[in-house]
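Descriptive structure summary
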Number of protein chains: 2
Amino acid sequence: MSHYISNLTDIKFDLLELLDRDSVYGTGVFEDFGTDSADTVLNEAARYAETKLATSFADADRESVTFDAATNSVRLPTAYRETAADYLDSGWLDLDLPHEISEQSVPPSLSWCVTEMMLGANAAIPQGLNVIPQVVRLLHDHGNAQQKQWAKLIVERNWMVTMVLTEPDAGSDVGAGRTRATPQADGTWHLEGVKRFITYGDHDLTENIIHLVLARPEGVEGVGGPGTGGLSLFVVPKFHFDSETGALGERNGVLATGLEHKMGITGSPTCEMTFGSDAPAVAWLLGDQHAGIKQMFEIIKHVRMLVGVKAMAALSTGYLNARAYALDRVQGQQLGAPHSSKPVSIIDHSDVRRSLMTQKAYAEGMRAMILYTATQQDRLAQAKSQGIHDAEADACHQLMLPIIKGFCSETAWRVLGQESLQTFGGSGYLKDYPIEQYVRDTKVDTLYEGTTGIQGLDLFSRKIMRDNGAALERLIAEMSKTSDFSELGTFGEEREVLDAAITAVREMVSLLTERWGSSTDKTRRSLAAQDTTGLLIALGTLTCGWLLLRSADVAAALIEGGASKDRDFLTGKVATGQWYARHVLTKLPAELEAMKLSDAQLNELSRDCF
Amino acid sequence: MSHYISNLTDIKFDLLELLDRDSVYGTGVFEDFGTDSADTVLNEAARYAETKLATSFADADRESVTFDAATNSVRLPTAYRETAADYLDSGWLDLDLPHEISEQSVPPSLSWCVTEMMLGANAAIPQGLNVIPQVVRLLHDHGNAQQKQWAKLIVERNWMVTMVLTEPDAGSDVGAGRTRATPQADGTWHLEGVKRFITYGDHDLTENIIHLVLARPEGVEGVGGPGTGGLSLFVVPKFHFDSETGALGERNGVLATGLEHKMGITGSPTCEMTFGSDAPAVAWLLGDQHAGIKQMFEIIKHVRMLVGVKAMAALSTGYLNARAYALDRVQGQQLGAPHSSKPVSIIDHSDVRRSLMTQKAYAEGMRAMILYTATQQDRLAQAKSQGIHDAEADACHQLMLPIIKGFCSETAWRVLGQESLQTFGGSGYLKDYPIEQYVRDTKVDTLYEGTTGIQGLDLFSRKIMRDNGAALERLIAEMSKTSDFSELGTFGEEREVLDAAITAVREMVSLLTERWGSSTDKTRRSLAAQDTTGLLIALGTLTCGWLLLRSADVAAALIEGGASKDRDFLTGKVATGQWYARHVLTKLPAELEAMKLSDAQLNELSRDCF
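Residues numbered from 1 in each chain as written. Chains lettered and ligands numbered in written order. Predicted model: local features only at pLDDT ≥ 70, side-chain atom pairs only at ≥ 80, totals over all residues. Heavy atoms only, no water.

Turning next to the overall build of chain A. Helix and strand counts for chain A stand at 21 helices and 12 strands. In summary, chain A has a C-alpha radius of gyration of 25 Å against a globular reference of 25 Å for 610 residues, a match within 12%. By principal-axis analysis of the C-alpha atoms, chain A measures approximately 85 × 60 × 60 Å. Within chain A, the proportion of its 610 residues that are buried is 63%. For chain A, the proportion of contacts with a sequence separation of at least 24, taken over those separated by at least 6, is 75%. Computing the positive centroid from 56 side-chain charges and the negative centroid from 81, chain A places the two 3 Å apart. (Helix = DSSP H or I, 4+ residues; strand = E, 2+ residues; numbered from the N terminus. Rg over C-alpha atoms; globule rule 2.2 N^0.38 Å. Buried < 20%, exposed > 50% of the residue type's maximum accessible area, 1.4 Å probe, protein only. Contact = heavy atoms within 4.5 Å. Lys, Arg positive; Asp, Glu negative; His and termini not counted. Charge placed at Lys NZ, Arg CZ, Asp CG, Glu CD.)

Structure, rendered in structure tokens:
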């Protein structure tokens, strides 16, 4: 049996009932993807994820990736390589390709549902491979004629790609990167430097690898210089190739010089890469433009969402595995039952129900939050096809990204470990069940593409302060409007809780805004920054709660309307919204009180006092 | 350099300043252990833990325990076996031996500090080996003359011991155990059955292993029967032996038939054990008394505390490793600093400070809570030596055990993973640093010796309801008294927070007591049990906060009094108490509000709605 359990019912509920995608699919640029096609895609994706992609999930963890220092080459575990190759061939990645190459326009909200299932089934594979369409898009959008041709070659020949940013002394501070690029007479550049934490930096999965590398041009007037602004983006192939045919040529001077040993996602090779040590690392400037960090961020935005989806997908299958175990495992009598009573399935014990409901609420709340954000991408795509930039959808999307990345990664890891794993008792600690691997594989999600601390700062200083909170206010206005839902009248208590939570989060933002100040001041900004991570978690908590209550409202209306299908699911949806409001949203006002009590002491404390 | 960093300064502060142990050490039964000897013991223990025991910490994780099914034997990793053998020889375990055997009476509060350091250095070793003195004590206290002699042999010959409770279908519900014991004509018993999750069930560390096994007597009138009440405790040696000399004889019919593959503590062998499959498993009834569960619980009580200490010790060294990294790692400018500013050590970033303070506060709060509980053991030992049973100390100790086990294990794992590991950025995910192993090794602490759900039920139904909350009220009265401290007048805000937290927890207990009811009722008890885990976490949160504020008060007084030593440490102590009150204790009233909103819906929901 597959370790991976998809949740198609919830996915379809979100798309069709909660987020009204039937009014969007099959229209405008999504003309070819009506709800019927979407349904087929989702069913097929679930089948592929569960029966194909999931098969090497455990093997990739047990049989390690290996590194041969003599040849600077990385080998993937056999079963894992086969599954990854199948995924690369399967066509699922085409859903994310730019319209100009794939000749189809898939609604992003639909594509993210497919991605969720692939990540849930075998995270280490799509976590690396799903970057391919983004690099193809970048080369297509920004590349010169030759580079646009490379984009096609990557697709045709199934080449792998990488994002190469981090250096040993440039992690959170990308702008500290020292890899340098020297221009050559023939228009190419030679790179020199060492990069770290490069996902799929080397492997034996594909015949070629196209690296996208941030480096600092030297010796050219008007470009380069310190900070992120001085970085340019270069294309560096593992093997040189013929731009027309793709036929491989000489090996380029980019070498894997180390392999990291990690807590989880051990199937995915994380490499140290050295540029230009033995032979020149020949590189091409992307689009002949020195706009490295801006270009790279087009991919990073996608990958931050990908990481949040990965975490949510793990919690979703973690919950469904825990649920299956709790239904099956018989242990202990019910509390207060007569002495002669038979033992029951542990799902009938209160504390196990509390634990399962916690898992269910967060998994489904995060999925709703992610797909709500994906609908902003739907809007952007529709508008773009009409030559319009939908600024409001863009701002909402940008606002949600750090929340999705930070909140989903922190929450999924915690709930998987505290609740899903513990549902299994001691067995949860064993490799007999997938949960302990889910926990290890998910821990990294709080780290890469920016730690939670970085996401919190990005959220507050870039996504809230820069537009004076306009995007956030629009989101909160939408929440406030729906806190008024409940024509059915069953959610009185929960509506009050939601209102109080909205007020609390709004006050947090005012408080931090006031502390942050309008001009730069070390003391003020450091005080505000004590609570930016807290604000991120609070906003994630609120957004999930809002969407879970909207879901409950929609479900209640469907039941009231006499829905014959999925009645148990809908009843569960109502209970989930109510439970989360009562047991999670209720805590937000206390978070505000704690923030109010933050003061300068923490920042002023001498280092030696720690 | 050792991965393990002890915190002697904080340990000594707790013992001498916070818990006033200099008025107890060197007196009464602890006559031979004055504060000077205690100081020497602590310094030596820290040295041994850091330089000896810690050495095979990583090896034991990388080179696995192996199982040979043909010979039913388990082999420990080489480096790990050497360290474990050294620890067994070192004499540190003698601190916990009963006075009658070791001829010394070590204050339990002192002994737990030593245990903390050993667990922090290489948890998998003391987590198994520290059970030896407890089994020796049990044999000595309850055994017949021959069994008392066995207790001495275990010490003299460095034999290992085990606790054998769990079966495949009897985990949380120990009373469902089916291993049966049949009486023999010679007074021995033969056991038949399969046990699971047996820590150090087999290995090549010691020449013999003495198993303590719960089994159900059959065919004898008046004993046996269903549930935990029908279980007796049996002594089952791996090899038969001469009771006088200890010389080994034939192999007994108890065999390791499997080895578990775990997420962490992989050096510690966890075995499936089969009794009486090929040859009879000859067993001796402990003390000729059928009192299995009661006897076993004398050890379980100790081990539950051990598990809490293990978790706290991991967080403590996790924090100190993160602190060292944060001092060393230079990355990024300070917020609000001029553009030309140099990058700073990450300890100067607000969010890193918040994270470090979170780690420090929980690690030190949990240590204080554990040592406060250990002082109850000091009181019990002093009274016992005078022939008195100190019922109040006993009740306080029993009340604190599930809190220590449940709260420390949940909190340490979460804070290690969310904060300590993340302080290292992506490097935290690598095996280059000890943190990722701390996280894996600590996850098991929420599981063994009863999951957190079981601890919550034990706390509420046994430790609070059975004495009508008397022990808890005494603890709360002590807290309320100290919430009145602050002659120094600097803790006004925090005193209010503590008062509100005390009131909230007291109301939680009233609420659950009312829901629980006086007679058994399935609906009422199931409703109360939705929040027993929450109550446990709230009580742990409160107790840590109370002791951190007491510590802050003591530290402030020492500074005010002109203390010349450890002034930075004392300043940090004041800041830690204040920070925890402001950022953690403030949240307890909201927990109460959430509990008030619990209702029957969760328990009444059909299984299919999950």
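It is worth spelling out the relation of the copies chain A and chain B at this point. Turning chain A through 180° and shifting it by 0.0 Å along the axis lays it on chain B, with an RMSD of 0.0 Å. Each copy turns onto its partner about a two-fold axis. Mapped onto chain B, 100% of the interface residues of chain A are again interface residues, and the two copies thus contact each other with one and the same surface. (Least-squares fit on C-alpha atoms with pLDDT ≥ 70 in both.)

Applying the stated criterion across every chain, the model contains 79 salt bridges over all chains. Close ionic contact of B:Lys463 with B:Asp458 constitutes a salt bridge, the shortest N to O distance being 2.9 Å. Exposure remark for B:Asp458: the relative accessible area of 6% places this residue in the buried category. Taken together, the shared-partner salt bridges connect A:Asp10, A:Glu116, A:Lys360, A:Glu364, A:Arg367 and A:Lys573 into one network. (Salt bridge = Lys/Arg side-chain N within 4 Å of Asp/Glu carboxyl O.)

The subject of this paragraph is the interface of chain A and chain B. Counting residues at the interface gives 97 residues for chain A and 98 residues for chain B. Counting the surface lost from both chain A and chain B, the interface buries some 8,600 Å², and carbon and sulfur atoms represent 58% of this. Residue A:Asp348 pairs with B:Arg607 through a salt bridge whose shortest N-O separation is 2.6 Å. The interface formed by chain A and chain B includes 52 residue pairs in polar contact (both at pLDDT 80 or more). Counting residues per element, the side of chain A that touches chain B draws most heavily on helix α19 (residues 567-583) of chain A, at 8 residues. Residues that form the side of chain A that touches chain B fall into these classes: 33 nonpolar, 32 polar and 32 charged. (Buried area = accessible area lost by both parts, 1.4 Å probe. Polar contact = N/O pair within 3.5 Å; in protein donor to acceptor, adjacent residues only side chain to side chain. Nonpolar A, V, L, I, M, F, W, Y, C, P; charged D, E, K, R; others polar.)

Of all residues in chain A, 99% attain a pLDDT of 70 or more, and the chain-wide mean is 96. On the interface metric, ipTM, the complex scores 0.97, and its pTM is 0.97. (pLDDT = per-residue confidence, 0-100.)

Next up on the list: the packing of aromatic side chains. The description of two aromatic rings rests on the distance between their centres and on the angle between their planes. Under the counting rule described, the total for this entry stands at 29 aromatic pairs over all chains. Between A:Tyr362 and A:Tyr580 the ring centres are 5.5 Å apart and the planes differ by 80°, which places this aromatic pair in the edge-to-face class. Here A:Tyr362, found in helix α11 (residues 350-385), pairs with A:Tyr580, found in helix α19; they are 218 residues apart in sequence, far enough to count as distant. Given a relative accessible area of 8%, A:Tyr362 falls into the buried group. On the basis of relative accessible area, A:Tyr580 is assigned to the buried category, the value being 0%. Measuring from ring centre to ring centre gives 5.6 Å for B:Phe13 and B:Phe569, while their planes differ by 70°; the resulting arrangement is edge-to-face. With B:Phe13 in helix α1 (residues 8-18) and B:Phe569 in helix α19 (residues 567-583), this pair connects stretches of sequence that are 556 residues apart. (Phe/Tyr/Trp six-rings, centres within 6.5 Å; stacked < 30°, edge-to-face > 60°.)

Glancing now at the pairing of strand β4 (residues 180-183) of chain B. Inspection of the sheet shows β4(B) paired to strand β5 (residues 189-199) of chain B by 4 bridges, in the antiparallel sense. Pairing of B:Arg180 across the sheet is with B:Glu192, part of β5(B). (Pairing = 2+ DSSP bridges.)

Turning next to helix α4 (residues 78-90) of chain A. Residues and elements named next belong to chain A. In a regular helix each residue adds 1.5 Å, so 13 residues correspond to 18 Å; α4 covers 18 Å between its end C-alpha atoms and thus fits that length. Those residues of α4 lying buried are Tyr80, Arg81, Thr83, Ala84, Tyr87 and Leu88. Looking straight down α4, one finds that the buried residues subtend no more than 165° of arc, so they occupy a single side. Across from the buried face of α4, at angles greater than 90 degrees, the exposed residues are Glu82 and Asp89. Buried residues along α4 sit against α2 (35-51), α3 (59-62), β2 (73-75), α6 (108-122), α7 (124-129) and α8 (132-142). The positive-phi residue at the C-terminal boundary of α4 is Gly91, with phi of around 95°. (Expected span 1.5 Å × (residues − 1). Arc of directions from axis to C-beta.)

The axes of two packed helices give the description: the angle between them and the distance between them. Residue and element names in this part refer to chain B. Contact geometry for helix α8 (residues 132-142) and helix α10 (residues 292-328): axes closest at 10 Å, N-to-C directions at 150°. When the axes of α8 and α10 are compared, the pair comes out roughly antiparallel. The handedness of the crossing between α8 and α10 is right-handed. In contact with Gln134, Val135, Leu138 and His142 of α8, α10 contributes Gln295, Glu298, Ile299 and His302. Of the residues contributing to the contact of α8 with α10, the split by class is 3 nonpolar, 4 polar and 1 charged. (Axes fitted to C-alpha atoms, helices over the stretch in contact; angles between N-to-C directions. Parallel < 35°, antiparallel > 145°, perpendicular 65-115°, else oblique. Left-handed = near helix turned anticlockwise from the far one by under 90°.)

Relative to the assigned elements, B:Arg329 resides in the loop between α10 and α11 (350-385). By relative accessible area, B:Arg329 is classed as buried at 18%. Separated by 51 residues in the primary sequence, B:Arg329 and B:Asp278 have C-alpha atoms spaced 59 Å apart. Apart from residues lying up to four places away in sequence, B:Arg329 is in contact with A:Pro168, A:Asp169, A:Ala170, A:Gly171, B:Val344, B:Ser345 and B:Ile346. One polar contact links the side chain of B:Arg329 to the main-chain carbonyl oxygen of A:Pro168, over a distance of 3.0 Å.

In this structure, B:Thr576 sits in helix α19. In this structure B:Thr576 touches B:Met357, B:Lys360, B:Ala361, B:Glu364 and B:Leu548, once residues within four positions along its chain are discounted.

Positive phi outside glycine occurs at A:Ile265, with the angle close to 30°. Within the element layout of this structure, A:Ile265 appears in the loop between β10 (254-259) and β11 (270-275). Although it is not a glycine, B:Glu103 sits at a positive phi angle of roughly 60°. With respect to the helices and strands, the residue B:Glu103 is situated in the loop between α5 (99-102) and α6 (108-122). Look at B:Glu103 and you get exposed, because its relative accessible area is 65%.

With that settled, the discussion passes to α6(B). The end-to-end C-alpha distance of α6(B) is 21 Å, a good match for the 21 Å that 15 residues give at a rise of 1.5 Å each. Most of α6(B) sits inside the fold, with 15 of its 15 residues counted as buried.

Glancing now at the packing of helix α14 (residues 452-464) of chain A against helix α18 (residues 532-560) of chain A. Residue and element names in this part refer to chain A. Relative to each other, α14 and α18 sit at 80°, their axes nearing to 8 Å. Here α14 is positioned roughly perpendicular relative to α18, judged by the angle of their axes. In contact with Thr452, Gly453, Gln455, Gly456, Leu457, Leu459, Phe460 and Ile464 of α14, α18 contributes Thr532, Thr533, Leu535, Leu536 and Leu539. Along the lines of polarity and charge, the residues of the contact of α14 with α18 split into 7 nonpolar, 6 polar and no charged.

Residues and elements named next belong to chain A. Looking at where Pro183 falls in the secondary structure, it is placed in strand β4 (residues 180-183). Distance in space between the C-alpha atoms of Pro183 and Ser427 is 58 Å, their sequence separation being 244 residues. When residues no more than four places from it in sequence are discounted, the contact partners of Pro183 are Thr188, Trp189, Glu218 and Val220.

A word on the side chain of A:Thr586. Note on placement: A:Thr586 falls in the loop between α19 and α20 (588-596). Excluding its chain neighbours within four sequence positions, the residues that come into contact with A:Thr586 are A:Val497, A:Ala581, B:Ala590, B:Ala594 and B:Leu597.

Within the fold, B:Ala504 resides in helix α16 (residues 492-516). Exposure remark for B:Ala504: the relative accessible area of 3% places this residue in the buried category.

Residue and element names in this part refer to chain A. Along strand β12 (residues 281-285), 4 of the 5 residues are buried, which leaves the element largely enclosed by surrounding structure. Examined bridge by bridge, strand β5 (residues 189-199) and β12 share 3 bridges and lie antiparallel to one another. Along β12, the bridge assignment pairs Leu191 with Ala281. Bridge analysis of strand β7 (residues 232-237) against β12 gives 2 bridges, and the strand direction is antiparallel. Across the sheet, the residue bridging to Val235 is Trp284, located in β12.

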